[in-house]
Amino acid sequence: MNINNADTDEFALLSGIGPALAKRIVAYREHHGNFASVDDLIHVAGIGPKKLRQIKTSCPLTVQ
């Protein structure tokens, strides 16, 4: 999944991400621009190191 193109429905399919967090990810991207790396998801409210590891292991994520 490309995190710079995914919509809220696609993000909500990832383990540990529900509709509210999916909306925050998309809102963050719209406000700050595209993510440079998957690790930039850590800047989204509600995503800490543990959640980021969970997301990264549940689905291959890309920025391209």
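Below is a short write-up of the structure. All values derive from a computational prediction rather than experimental measurement.

### Focus on the overall build of the protein chain
Along the protein chain, the regular secondary structure elements total 3 helices and 0 strands. On C-alpha atoms alone, the protein chain measures out to a radius of gyration of 10 Å, which is about the 11 Å that the 2.2 N^0.38 rule sets for 64 residues. Dimensions along the principal axes, computed over C-alpha positions, put the protein chain at roughly 25 × 20 × 20 Å. The buried share of the protein chain, reckoned over its 64 residues, is 33%.

### Digging into the side chain of Asn2
As for its placement among the helices and strands, Asn2 is situated in the segment before α1 (8-12). Leave out the neighbours within four places in its chain, and Asn2 touches Thr62, Val63 and Gln64.

### With respect to helix α2 (residues 19-32)
When the terminal C-alpha atoms of α2 are compared, their 20 Å separation across 14 residues agrees well with the 20 Å that a helix rising 1.5 Å per residue should span. The secondary structure elements touched by the buried residues of α2 are α1 and α3 (49-58). Directly after α2, the chain includes Gly33, whose backbone phi takes a positive value near 95°.

### Structural notes on the environment of Leu21
Among the secondary structure elements, Leu21 is positioned in helix α2. Remark: the alpha-carbon pair of Leu21 and Gly46, spanning 25 residues in sequence, is separated by 6.9 Å.

### Examining the packing of aromatic side chains
Scanning all chains against the criterion turns up 1 aromatic pair. Between Tyr28 and Phe35, the ring centres sit 5.8 Å apart and the planes meet at 10°, which makes this aromatic pair stacked.

### A closer look at the pattern of salt bridges
Tallying each qualifying case throughout the model produces 1 salt bridge. One salt bridge connects Asp39 with Lys56, and the closest N-O pair in it is separated by 2.7 Å. Here the residue Asp39 occupies a position in the loop between α2 and α3, and Lys56 occupies one in helix α3, the gap between them amounting to 17 residues.

What counts as what
Residues numbered from 1 in each chain as written. Predicted model: local features only at pLDDT ≥ 70, side-chain atom pairs only at ≥ 80, totals over all residues. Heavy atoms only, no water. Helix = DSSP H or I, 4+ residues; strand = E, 2+ residues; numbered from the N terminus. Rg over C-alpha atoms; globule rule 2.2 N^0.38 Å. Buried < 20%, exposed > 50% of the residue type's maximum accessible area, 1.4 Å probe, protein only. Contact = heavy atoms within 4.5 Å. Expected span 1.5 Å × (residues − 1). Phe/Tyr/Trp six-rings, centres within 6.5 Å; stacked < 30°, edge-to-face > 60°. Salt bridge = Lys/Arg side-chain N within 4 Å of Asp/Glu carboxyl O.

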